[in-house]
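Given next are the chains, with one letter for each unit.
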Amino acid sequence: QVQLVESGGGLVQRGGSLRLSCAASGFTVDSYTIGWFRQAPGKERDRVSCISSSDGSTHYADSVKGRFIISRDNAKNTVYLQINSLKPEDTAVYYCAADLHITTSWCPRANFGTWGQGTQVTVSS
């Protein structure tokens, strides 16, 4: 049974940092494309980062580029999102998702069908 579980969210001050974790079970994160998304109240869900299974390339939304870093720890079967220099506008529920349709997916064409439950990130002024 496949599952993704996010953790690491919390309340931080402007300029602070967090490391979000996406622990996978039932599949190996090394073999599939994994994305991070976020959704603020009343807003559309946006993709903020992605790591491709085909070549390991990483992708970032313009709003987070230079501040967020996506990585994989294959031994722990976990994908991380290090979020730095946080701003109040980063406040959202953060989700990880996997494209399990194929093992050679890449981020620009990924079809994310498996989702975690989300972890709340709140950034105060």
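Residues numbered from 1 in each chain as written. Predicted model: local features only at pLDDT ≥ 70, side-chain atom pairs only at ≥ 80, totals over all residues. Heavy atoms only, no water.

Engineer: In this structure, what is going on with the side chain of Asp90? I would like to understand it.
Structural biologist: Its location among the elements puts Asp90 in the loop between β8 (78-83) and β9 (92-99). The exposure class of Asp90 is buried, given its relative accessible area of 1%. A distance of 2.7 Å separates a polar atom in the side chain of Asp90 from a polar atom in the side chain of Arg67. (Helix = DSSP H or I, 4+ residues; strand = E, 2+ residues; numbered from the N terminus. Buried < 20%, exposed > 50% of the residue type's maximum accessible area, 1.4 Å probe, protein only. Polar contact = N/O pair within 3.5 Å; in protein donor to acceptor, adjacent residues only side chain to side chain.)

Engineer: Please clarify how unusual backbone geometry should be interpreted in this entry.
Structural biologist: Across the chain, the bulk of peptide bonds are trans and the bulk of non-glycine residues have phi less than zero. With a phi close to 55 degrees, Asn77 is a non-glycine residue in the positive phi region. Its place among the elements puts Asn77 in the loop between β7 (68-73) and β8. For Asn77, a relative accessible area of 16% translates into the label buried. Located in the positive-phi region is Ser85, a residue other than glycine, with phi close to 50 degrees. With respect to the helices, strands and loops of the structure, Ser85 is situated in the loop between β8 and β9. On the basis of relative accessibility, which here comes to 43%, the residue Ser85 falls in the partly exposed class.

Engineer: Teacher, can you tell me more about the state of the cysteines here?
Structural biologist: Think of a disulfide as a covalent bridge from one cysteine sulfur atom to another cysteine sulfur atom. Using the criterion set out here, one finds two disulfides in the structure. One disulfide in the model links Cys22 with Cys96; its S-S distance is 2.1 Å. Every disulfide takes its handedness from the sign of the S-S torsion; for Cys22 and Cys96 that torsion is 75 degrees, giving right-handed. Here Cys96 lies in strand β9 and Cys22 lies in strand β3 (residues 18-25), a separation of 74 residues in the sequence. Take Cys22 and Cys96: they sit in the same class, and that class is buried. Note that Cys50 is cross-linked by a disulfide to Cys107, the S-S spacing being 2.1 Å. Where Cys50 bonds to Cys107 through sulfur, the torsion about that S-S bond is close to -90 degrees, and the disulfide is left-handed. (Disulfide = S-S within 2.5 Å.)

Engineer: How should I be thinking about the side chain of Arg67 in this particular structure?
Structural biologist: Mapped onto the secondary structure, Arg67 falls in the loop between β6 (58-60) and β7. On the accessibility criterion, Arg67 (10% relative accessible area) is buried. Dropping the residues within four chain positions of it, Arg67 is found in contact with Gln82, Ile83, Asn84, Ser85, Leu86, Lys87 and Asp90. (Contact = heavy atoms within 4.5 Å.)

Engineer: Got a minute to help me understand the pairing of strand β5 (residues 46-51) in this structure?
Structural biologist: Moving residue by residue along a regular strand, the side chains alternate between the two faces of the sheet. Bridge count between strand β4 (residues 33-39) and β5: five bridges; the pairing is antiparallel. Looking at the pairing, Phe37 lines up with Arg47 of β5. Joining the antiparallel neighbours β4 and β5 is a turn of six residues, in which Gly42 adopts a positive phi near 75 degrees. When β5 meets β6, the two strands line up antiparallel, connected through three bridges. Residue pairing in the sheet places Ile51 in a bridge with Thr58 of β6. (Pairing = 2+ DSSP bridges.)

Engineer: Is there a simple way to think about the nonpolar core in this case?
Structural biologist: General note: in soluble globular proteins, nonpolar side chains tend to be found buried as a group. Counting 26 residues, the largest nonpolar core has Leu20, Phe27, Trp36, Leu81, Ile83 and Tyr94 as the members making the most contacts within it. Within the residue set of this core, elements represented by two or more residues are β3, β4, β5, β7, β8, β9 and β11 (119-124). Residues Cys50, Ala97, Ala110 and Phe112 belong to the second largest nonpolar core, which totals six residues. (Core = buried A, V, L, I, M, F, W, Y, C linked by side-chain atoms within 4.5 Å.)

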